[in-house]
Structure formats: structure tokens, C-alpha cells
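Architecture at a glance
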Amino acid sequence: MTRLRKNNIEPSRRSFLIGSVGSGLLMAFAPSINALEVMTGGASKHLAEKSFSPTVWFEISSEGQIMVNIARAEMGQHVGTAIARIVADELGADWNNVEIKHVDTDPKWGYMVTGGSWSVFQTYVPMSQAGAAGRTVLIEAGAKLLGVKPQDCTTQNSEVVAGDKSISFADVVKNGKIDRTFSADELAEFKPKSPASRQLIAKSSQALDIPAKTNGTAQYGIDVELEGMVYARPVIPPTRHGSVVKRVDDSKAKSIKGYQGYQILKDPSDTVQGWVTVLADSYYAAVKAGNVIKVEYDIGETANVTEQDIINQGATLAKDKTTGTLVVEKGDIAKAAKSAKTSLESVYKTSSVLHFTMEPVNAAVEFKDGVCHVHCGNQWQSLFLPVVAKAVGLSDDNVIIHQYYLGGGFGRRLAGDYMIPAALTAQAVGKPVKLVFTREDDALFDCVRSPSVQQMNAYWDADDKLLGIEHGAAAGWPTLAMAPSFMPEGVDKKGKFDPFSIAGADHWYTLANHRVRAINNTLAQKTFVPGWLRAVGPGWTGWAVESFMDEIAHNQSLDPIDFRLSLLDASGKNAGEAPVSVGGAKRLAKVLTDIRQQTNWGQTLPKNQGLGIAISSGQERDMPTWGACVAHVEVDPTTGKVKVHKLTGLLDCGTVVHPDGALAQTQGSMLWGLSLALFEGTAFEKGQVKDTNLNTYSPLRMNNLPELDISFVQNTEFPTGLGEPGLIAVAPAIANAIFNAVGARVRDLPIRPEAVLAAIPS
Amino acid sequence: MQIKSFMLRAAVLILLPGFYAFAQTADSLERTDSLELKDSLERKDSLERTNSLEAVNSQNATQAWNKVYEVFSHPRCANCHVPKDNLPRWSGPHYGKTSVHGMNISGGQSRIGVETIMCSTCHAQSNSDEPHGPPGAPVWMLAPVEMFWWQQSSKQICEQIKDPARNGGRTLEDVAHHIEEDELVHWGWSPGKGREPAPYSAQETADFVMLWASAGAPCPE
Amino acid sequence: MQLNVNGTSHDVDVDDEMPLLWVLRDELNITGPKFGCGIAMCGACTVHINGQPARSCSIPVGQVSGLVTTIEGLGTPDAMHVVQAAWVEHQVAQCGYCQPGQIMSAAALLQMNPNPDDEAIDRAMSANLCRCGTYPRIRAAVKTAAQNIREKNA
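Keep in mind it's a predicted model, so treat the numbers as computed, not measured.

Right, let's get into the sheet that holds strand β29 (residues 707-712) of chain A. Residue and element names in this part refer to chain A. What the four strands build is an open sheet, ordered β24-β25-β26-β29; its pairing is mixed. The open sheet is flanked by β24 (609-616) and β29, the only strands paired with a single partner. Direction aside, neighbouring strands of the sheet carry axes that sit 15 degrees apart on average. Bridge count between β24 and strand β25 (residues 626-635): eight bridges; the pairing is antiparallel.

What follows covers the interface of chain C and chain A. Each partner contributes to the interface: chain C provides 54 residues, whereas chain A provides 61 residues. For the pair chain C and chain A, the summed buried surface comes to about 4,600 Å²; carbon and sulfur atoms form 58% of the total. At the junction of chain C with chain A, the criterion picks out four salt bridges. Here D223(A) and K34(C) are joined by a salt bridge, their closest N and O atoms 2.6 Å apart. If you look at where chain C meets chain A, you find 24 residue pairs in polar contact (both at pLDDT 80 or more). Elements that contribute at least two residues to the side of chain C that touches chain A include exactly α1 (20-27), α2 (71-74), α3 (82-89), α4 (99-112), α5 (118-125) and α6 (135-153) of chain C.

Our focus in this paragraph is the packing of α4(C) against α5(C). Residues and elements named next belong to chain C. For the pair α4 and α5, interaxial distance at closest approach is 10 Å and the crossing angle is 135 degrees. Between α4 and α5, the crossing angle belongs to the class labelled oblique. Between α4 and α5 lies a crossing whose hand is right-handed. Judged by residue contacts, Q102, S105, A106 and L109 of α4 engage A120, I121, A124 and M125 from α5. Its residues assigned to classes, the contact of α4 with α5 shows six nonpolar, two polar and no charged.

The next point concerns the interface of chain C and chain B. In this assembly, 24 residues from chain C lie in contact with 29 residues from chain B. Interface area for chain C against chain B, summed over the two sides, is near 2,200 Å², with a carbon-plus-sulfur share of 58%. The interface formed by chain C and chain B includes zero salt bridges. At the boundary of chain C with chain B, the tally comes to seven residue pairs in polar contact (both at pLDDT 80 or more).

All names here are of chain A. Mapped onto the fold, Q273 is located in the loop between β12 (259-264) and β13 (276-280). In this structure the side chain of Q273 is engaged in a polar contact, spanning 3.0 Å, whose partner is the backbone oxygen of D270. With residues near it in sequence (within four places) discarded, Q273 still touches P237, H241, G242 and S243.

Before going further, it helps to spend a moment on the confidence of the model for chain C. Regions with low pLDDT carry predicted coordinates that are not meant to be interpreted in detail. Predicted confidence across chain C gives a mean pLDDT of 96, with 100% of residues reaching 70 or more. Two numbers describe this predicted complex: its pTM, 0.90, and its ipTM, 0.98.

Turning our attention to the state of the cysteines. Scanning all chains against the criterion turns up one disulfide over all chains. Across the disulfide, C158(B) is cross-linked to C219(B) (sulfur-sulfur distance 2.0 Å). Torsion about the S-S bond of the C158(B) and C219(B) cystine: about -90 degrees, corresponding to left-handed handedness. Taken together, the positions of C158(B) in helix α5 (residues 154-162) and C219(B) in the segment after α8 (202-214) put the pair 61 residues apart, joining distant regions of the chain. Both residues of the pair, C158(B) and C219(B), count as buried. Not engaged in a disulfide, the cysteine C653(A) finds its nearest cysteine sulfur in C629(A); these two sulfurs lie 16 Å apart. Residue C653(A) is classed as buried on the basis of its relative accessible area, which comes to 2%.

Another point: the environment of L592(A). All names here are of chain A. Relative to the assigned elements, L592 resides in helix α19 (residues 585-598). Of the residues examined, L592 reaches a relative accessible area of 0% and is grouped as buried. Measuring from C-alpha to C-alpha, the distance between L592 and L565 comes to 7.7 Å, with 27 residues separating the pair along the chain. Leaving out residues up to four positions away in the same chain, L592 has contacts with I561, R564, L565, L568, I613 and I615.

On to a negative patch on the surface, then. Taken together, D281(A), D11(C), D13(C) and E27(C) make up a surface patch of like negative charges. With respect to the element layout, E27(C) can be found in helix α1.

Attention shifts here to the pattern of salt bridges. All names here are of chain A. Counted by the stated rule, this structure contains 41 salt bridges over all chains. Among the salt bridges present, the one from R596 reaches D562, with a minimum N-O distance of 2.8 Å. Of the two residues, R596 is situated in helix α19 and D562 in helix α18 (residues 560-567); the sequence distance between them amounts to 34 residues. Residue classification places D562 among the partly exposed positions, given a relative accessible area of 40%.

Within the largest apolar cluster, 189 residues are counted, with the highest numbers of intra-cluster contacts made by V633(A), L674(A), I734(A), I738(A), I751(A), L3(C) and L20(C). In this view, V633(A) contacts N608(A), Q609(A), G610(A), V642(A), K643(A), V644(A), H645(A), I734(A), A737(A), I738(A) and A741(A); residues no more than four positions away in its chain are not counted. The next biggest cluster of nonpolar side chains, apart from the first, holds 48 residues, and it includes I66(A), V98(A), A133(A) and F169(A).

For the rest of this paragraph, the subject is unusual backbone geometry. Geometrically, the link from A578(A) to P579(A) is a cis peptide bond, its omega value of 0 degrees lying close to zero. If you trace the backbone, P579(A) turns up in the loop between α18 and α19. Following L749(A), the chain continues into P750(A) via a peptide bond in cis, with omega recorded as -5 degrees. In the Ramachandran plot, K686(A) falls in the positive-phi region, its phi being about 50 degrees despite a non-glycine side chain. Inspection of the secondary structure puts K686(A) in the loop between β27 (684-685) and β28 (688-689). With relative accessibility at 61%, the residue K686(A) sits in the exposed group. Even without a glycine there, the phi angle at Q91(C) is positive, about 50 degrees.

What counts as what
- Residues numbered from 1 in each chain as written.
- Chains lettered and ligands numbered in written order.
- Predicted model: local features only at pLDDT ≥ 70, side-chain atom pairs only at ≥ 80, totals over all residues.
- Heavy atoms only, no water.
- Pairing = 2+ DSSP bridges.
- Helix = DSSP H or I, 4+ residues; strand = E, 2+ residues; numbered from the N terminus.
- Axes fitted to C-alpha atoms, helices over the stretch in contact; angles between N-to-C directions.
- Contact = heavy atoms within 4.5 Å.
- Buried area = accessible area lost by both parts, 1.4 Å probe.
- Salt bridge = Lys/Arg side-chain N within 4 Å of Asp/Glu carboxyl O.
- Polar contact = N/O pair within 3.5 Å; in protein donor to acceptor, adjacent residues only side chain to side chain.
- Parallel < 35°, antiparallel > 145°, perpendicular 65-115°, else oblique.
- Left-handed = near helix turned anticlockwise from the far one by under 90°.
- Nonpolar A, V, L, I, M, F, W, Y, C, P; charged D, E, K, R; others polar.
- pLDDT = per-residue confidence, 0-100.
- Disulfide = S-S within 2.5 Å.
- Buried < 20%, exposed > 50% of the residue type's maximum accessible area, 1.4 Å probe, protein only.
- Patch = residues over 30% accessible without salt bridge, like charges linked within 9 Å, V, L, I, M, F, W, Y side chains within 5 Å.
- Areas by Shrake-Rupley, 256 points an atom, 1.4 Å probe, with all protein chains shown as cover.
- Lys, Arg positive; Asp, Glu negative; His and termini not counted.
- Charge placed at Lys NZ, Arg CZ, Asp CG, Glu CD.
- Core = buried A, V, L, I, M, F, W, Y, C linked by side-chain atoms within 4.5 Å.

The following block contains the structure:
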């Protein structure tokens, strides 16, 4: 994670150009080429020639409209609104004049990835500086036009103001010839506005993308229509890897009106193996043809793998303490184990989970003048653009991915694998092709969240002093499957690991002896492409850590909150670092203390009801969002069915840039956590997931919506991410509440009524 | 439900012109003259057919009833003859044990879902072609609540089907005729891809009813 | 065949069995109704036929008789339907993909039952799946829309 972010953080060492272009004013980060060239050429010239390389840039028209261009995927987080508000606040813009535009993958926009809850975190400082630079230039030009000194001017509501004189941004743009370059050092001089002087950040506002999403005009990838295009549907082979098409019999498809034949795909990128796509002049006909076409395969080796096989391998690996890569190695856990008087061992499991984005994956592809144009919604264009290029035999700069709204991301669209069969089919037939996966196709091709098995061991000395904890986590690794170059070395330098699949195990509790092993489940890795799914690793490491902390507390007859607080002393590496994790574990202790008060922890509840607590620290130690969740549940002791009455969430994400967006993200992530805790989960059967549609896959619906009480710690610290962290503590809080309600300790996700029933002590 | 009952009735009449006798609940039992005429004509036919059947003894009657019960208690029938919870059920090889619809659907007191979401929102006039797609028939609805069969014993259903207060005011000949004629009832034997049809056929089931009726329609103890 | 969508009559030449959804999206380029599950279980494709809600993915176009209304015809960007206005007021949409269906379902519910309680809202709206977790806002927006309708009618 560290490498990924450091490589790709928004331009911190770039100069910034501001210049009149046409009738408007354009502002953009310069490419990281030598500054001299920029200086000699002049900002306006470079901007006019578009020889700049901004990740985000913005322009002010002569009418005063401010267009902020966003290279981030919009998938429900209103990311454009959050980023535009940072710029607009620093500019002193009237929010009513601000518009956003999501751009395509022209290399000049820089590296494109939207995930990890990073967008606001990464863009906060550079966008603040860009806005501040813009304000400086507008003031300089405005002051000249007003005949006043720049230092006497401020900006507000899209005007440069000096005492009782003012001039609108529009008039400044119209009348001033502006040509100005800020060096990286000059740019770094700008500090974000003080909290007290902010006009937009942390204030309520309406998201700019919502009206279009309410009146049917928002355009998603699946809505793309290309001139002369053919519709296609894939035939998903029986295994994810290694199947080879032997024979195709489409005799039954031939009578379907509009059927246009099939293609056997040859994929030099090896993303799709053993694939056939069926073509028709309507998607309906393509679906019908896909239902009746018969494909014979040489079937890949994982054709008979079951969920239990994968879990068994995980359990064996997690139990064997010599396996895996060391991610945390503090003290000497082996010595602690040897000297321990008492110990506790628990094994936690999570089952396969589908992304099930509402919009099934799809892509429309057209080859024009030697360029492959891919139209779809995607979160990580820069990852799969080279794969598309390889598949179709073009250089990277001859592939452009055009961005649309995403009908759900949740990590599914970090993988762009669905572009490949569309591109290959379009290339093969020589026509534009729109390939749409049916829901069943989408489920079978999903990069599911891997099943996981985690073994936890705790050790105590003769005085009941906790000596330490050992944690082994086995799962399929998305980063190994799709972006192996981002895998860092373990602390023992004996191998690499997927940071996203183990984050959260390196928690903020202070332990004298602590070892974490990240273990790759090789059978999972072979059977499917493991995917990043909302919250990724913390979605399962949090399940084990927070359930186990609860077990330890109860084992020692300690209050689960008191026990946690005793380990959150913010000492050593848990002290935190300015600016991002300033305060360290102290901030976690604060949310825990506050939520105890807020939920009247310790209150007497009716029989079979209970409260449970869990905490989380976001996606990674480099970007902690401090959180706690208290679940109030009721268990039916005759059926084991769990009803969640209420979820209380308290989060400290530093400055809340877009408060309503933050609340929405947290509502969404907590409900996703609830859905994972009680309602979702599938299983591999014969090498594929067994649930492919809503007849058996049953995500949370409104009838199981609990009361939600969500709040944010009010402070002005560095803003961290919010797209995922709300999810992490929900499942363990529910499990811990179930224990408090009926004494049943459940260790498998999802929590099934049968498991609860079996765990209720007789 | 805070919806007014006149609205329900109005909605039912406006929305479903084909909403006929079988569908009518206790508070809306008016039949049109033409339907009555058609009914009585056809009843005559089926009586003649019954008379041609050999006299049956009580053992045959019990066997006939058992077959009727097999049909009535089959998920294709019983899943929509549900108790006053008004919740349609579904079941099948992929669904685990029989349960309520996964989307929290209620037929409401109207039994066609008018209070919240109409059955016809998802159920068209014919079966969907897609695996697990919604089945359909010209009028899709729950049976009136008094015709409750789901998880009921043979004796309970037997007593209900004979009781005009709970069978839509029908004679057993009417019941047999209804089985022969009603399109939604017929759906039970052609339920679409991936669903097990009810046993026997509509005609056989109607014949079993008549056989059983002609022997005095005994109910199991 | 003739198909009237949002007040405009269209001549369409398709198989009677083609689901209405694909006629709207692929033949008429009316893309507000969304494809989600294809089996009427997610609700993203919901439209109105003669004012009644229908899952357009599961009704063959040959069975459609009467007026079809999609999200595009419920209100316009400049003159939103009362339900759409409530959706904006509560900032409901996240990814937005399910929202056309949610809004069409809510509008149909309120037409039949202008004063739904929580249970009625849950019953009607549970049939529309949302993965982003906008349920609390949907519930609130339905109540606001209901109140606005009642006040308008009072």
C-alpha cells in the first residue's frame, strides 16, 4: 500500500501553471519535466498546447463558470464534489458557479486509481495549494484592474474584494492577460486555509452528481451506444483459469432472430482463458443465444474445487506457524508462548463474498484510426490499460479508456478484466462491440473476496498478564493476482505479501509480543482471481482481531471496553505521526471512551438482547480513520436468528471535507458491514461460486435496516478516508453483541442462524 | 395498513378487469350474471360426466382425496394459499427450504399486493424464460385467506374445501370446474423452467375431486 | 408494434417476447431503466405501465398495452416529480444506478397509498435492491414525498 501510494500520490513536486487560454483562464499542474522549459515557454503557451500533465485541473470561463476536471471514478462517493470544494474554498469561489467533469485516460491526467478511500486524503493538500495559487493570481490581476494593492484584497463568492470595491472573477478573466507559473517550492509555500476561514470545506452542501442520478440522465458504462455496434455476451468457461475451447455448437442459436455468430477469443494477456462471446444485433438475442450455445472445453484443473477445500488449505496453513510472510514481529512470541502459563486459541473464518455491483460489468469498445477506445466505468484505469493494450497488440498510448459513472465500485471495478473480452471481440469482428455480462455471468466472473482463515493465539503468564498475540491470516491475494509489483517485502525479508490482505492485523493495540503472518492460500489463488472488496483485508482481519479481543476480555472477566483501553496507550509505534496519524492510539481511545458514554454501555437490556463493541483504524496505518461501533442485537434462542436493532458508529477522520457525503459513505459502509455480517456469503462448488443471482444471494434489503446513529469526532486534523472504514467494526460488534445476548461465540462470517443456535450454551 | 378498504376494492376493480369469482374475498362477493350463467351451464356438463363414473366405495374416495391433497399441498399450489400473514412463499431445488420471498413481499389483505407492491409488478402474464425468472399467468395473486393450505394437514384442507364459507361459495362441482378452467390454477402444472409441476394434471385432479365428492367427500380423521 | 413511452408513440419492430427493458434501452435509447438482475428481483428496471409499477426486465413487450412511463418521463430535470425532489432534498443517490427503479417504485407506492407507515414503505421498497446503502435516505425521502403530496392535495 505504501509503495502504491507513494508512487502515485498527487503531484507534490510539480510546478503549477495559470494562464489565459482562449477567453478563459486555465490552471493546471505542469508535468514533472524540467522547470526551465516551462518558464521559457510561458504558462499560457503550455496550457494552450495542453502540454501539461495534471491529475486534476480546472478552468474559469469568461462567464465565471469554474470547471473542475476530475480524474477519479465516481461510484457513489461524490468524489468530484469533495475535490471541487477543496479547490473552490481556496479560490473563494461561489459554489453555484462550480461544475465537475470526469475525464478519460489521456496519459496527461497522470496515474488513475480510485480506491483505498484515498481520494480526499491524497488530493487535500495539492488541491488546496492549487486553489490558493489560483486565488493569488486572481487577486493580482483583480487588484490591478481595481487600482488597489494585492495585499488589501481577498476573494469571496467569486469576486476579488478590496474594501468596498470588488470585481468578479468573470471580469478578471475577461480583462486580464494572465501568465504565471508557480514552482513546486512556491506552491508548497501555500498552506491550506485555517479551519475558521473556510467557506465550503466542512460545510453542508448538495453533491453535484445527484440531480443527474435522480432524473435518469446520468450515463453509466452500460448506457454507452456506439455507431454501428454489435451486442455481445460472454460464455463463461467452467474454470477461471486453464480452460480451452474444443468445440462450439451454435445450431440452436441460429434460429434466434438477430444472432450474428460467435467468437472464440485468443487473449495474449491471458486474462480470459477458454472464452467464447456470442454476438447479436440486440442484447436480448445475445442473451438467448448464450443460453443455448453449447461449448465443449478441455477443463482447467480447478474444476472440482469446493469452498471447503479452500478453507481446509487455509486452516492447515494458518495452523503451521512456519508458513507465511512476517508482517509484524515485535518481541519474541515463540518465547512468550513457551513461557506462558495459560493460552487461548481461536480460528476465525470468512466465506467467499460477491461484489454484486448493481450494474453488471460491461464495456463497449471501438477501434478508430488505430486507437482502441474502451468505454466503461472503472476504478483503476492505469492498471488495466496496459493489459488491454497487450491483449489487442497495441502500445499503451493507443488505448484510451473513456470514463462513465460506475453503477457501484466496491472494489470490483479496480479490476478492469471485463474490458478484455470486449476489446478482443471488437477487434475480431472489426466492428464496435458492447459486451454486457448478465447477472449470472457477472457473478461467475467476479473477483470475489477470498475465503479467509485466521488463527489467533494469546498467551498469559502465571500472574494473568497478557504476554502477547500471534495472528496468522490465510487468504487469496488480489494484489498478487493483479498488481504483484505493489507487494512489499515482509519484515523478515523472506518474501513478499499483499499489504491489502493483511492490513488491520498491524493494529494500534500495544502488545509486548506480537507476530502477524500473512499467508497466501494457493488453492484460492489458483481457483479464482481474488478481488479487492470494500475494506479489503480489514474486512476479515478486523473480524478476527476484534472478536478475539472480546474473547480475551471475557476469558479474563474484564469489561471489553476497559480491556481495549488498557492496550491503547499510544506508546512506541502507536504514538502516531504528524500530520496524518497525529495522536495515534489516543484518538482510538477517545472514540472508544465517547461511544461508551453515548450508548450507555453496561445498561440492562431485556433477555436475549445485548450490546457489542468493536473498533477499527481504517484501511492502513499510514491513513488511519479511527472508529468504533456498538451493535444492539436480539437473538431468537429457538432459531438462532439475529435481529440488529441499532448500530452506533463514531468515527474520527480528521477534517470532514463534505459532511453529508461523509455521512452517506458511512451509512453505506456500515450497512455493507451488516450485509456481510448476516446476509451475504457464497461458496465455491465445482470451481465456481454457487450463488449467481438474487434467488439465492441475499444482500441486505430495507426490511432489515436497523436504526443507525452515526457521528464524527469534530476536529481539524488531516482528513483521512471514509469510503470503507465504517464497515470494519460492524461484524465483530454484532458477534460480540450476540455473545453478550445469549453467550454464543460465533467465529464464522457470515453469521448463520444455525451457527448461533449451535453455539448457545445449553 | 392505513389504506382504506374502498380504495382497495376500487383498485382491484380498476386494475384487474379479469378479476373473477375465485379471487373474490368475503367483502366483495358479487358475481356478474354472465359468469353465473356460464358457471351453471358448465356445472351441468361436469355432473353428467360424474354420473358416468362407476360408483365408488369409501376406500376409493380416500385414495382420491389423498391425490387431491398431494396436489393442494404441493408447493406450486400451497405457496400461494398462504395464511393471514399474506406472505407468498417460494421453494425449489435452489432455494433451500420453503420460505417467504427474499424481497420481503406481501400480498396484503387485498392479496394482490395493492397496499404496497402489486404482484403484477414482477409477475407478467406468462412465465419468464430466464432461470429463476418470475413465473406468470394472466392474473397473478394469492388465494383468498380463508383458502389457506400452506403447511395444513389433509384433514384441515379437506374441511376447508368443503365449506362454502371458506371455498368461495362453491359446491364441490364448482371446485372441480374451477380446477379445470382457471388459468392461474393451471399454472401449477406448467410452472416454467426449473420448477417442479404439481402432480397429475388439472383434469385428473378435477376428476379426483368428483370421484371423492360422489362418495360423499369423506375427510380424513 | 406501437409502444407509447413517456407520451411519445414509437413504432418498434421486435420479437414479442423481447422484455420491455431491452426495447426501451436498446431500440429506443431510453436508458433510465437499468439492467440489474434480469429476473425481477432487484427492481433497477422498474417502469410504470398505465401508472402501475412493472419490472421491465421480465415483461415481454408483447404483453404491454397502454402507456409506459420511465424515470425520464416521471419528471424532467427542470420540473422534477415530487418524489425526485424529495430524493434530491435527502441527497439519496450514491452510485445512483438503482435509483431510477427506487424512484419509480416509490412513486407507484405513493399513488396507491399516500400515507404509508414504515412497514408499508419497507414492504414496497424492500423489493428494490441498493448496494450503496442508501436505504435510510430512501425511507426518509419517501416520507417527505408523501407529506408533500398530502399537503398539495389538502
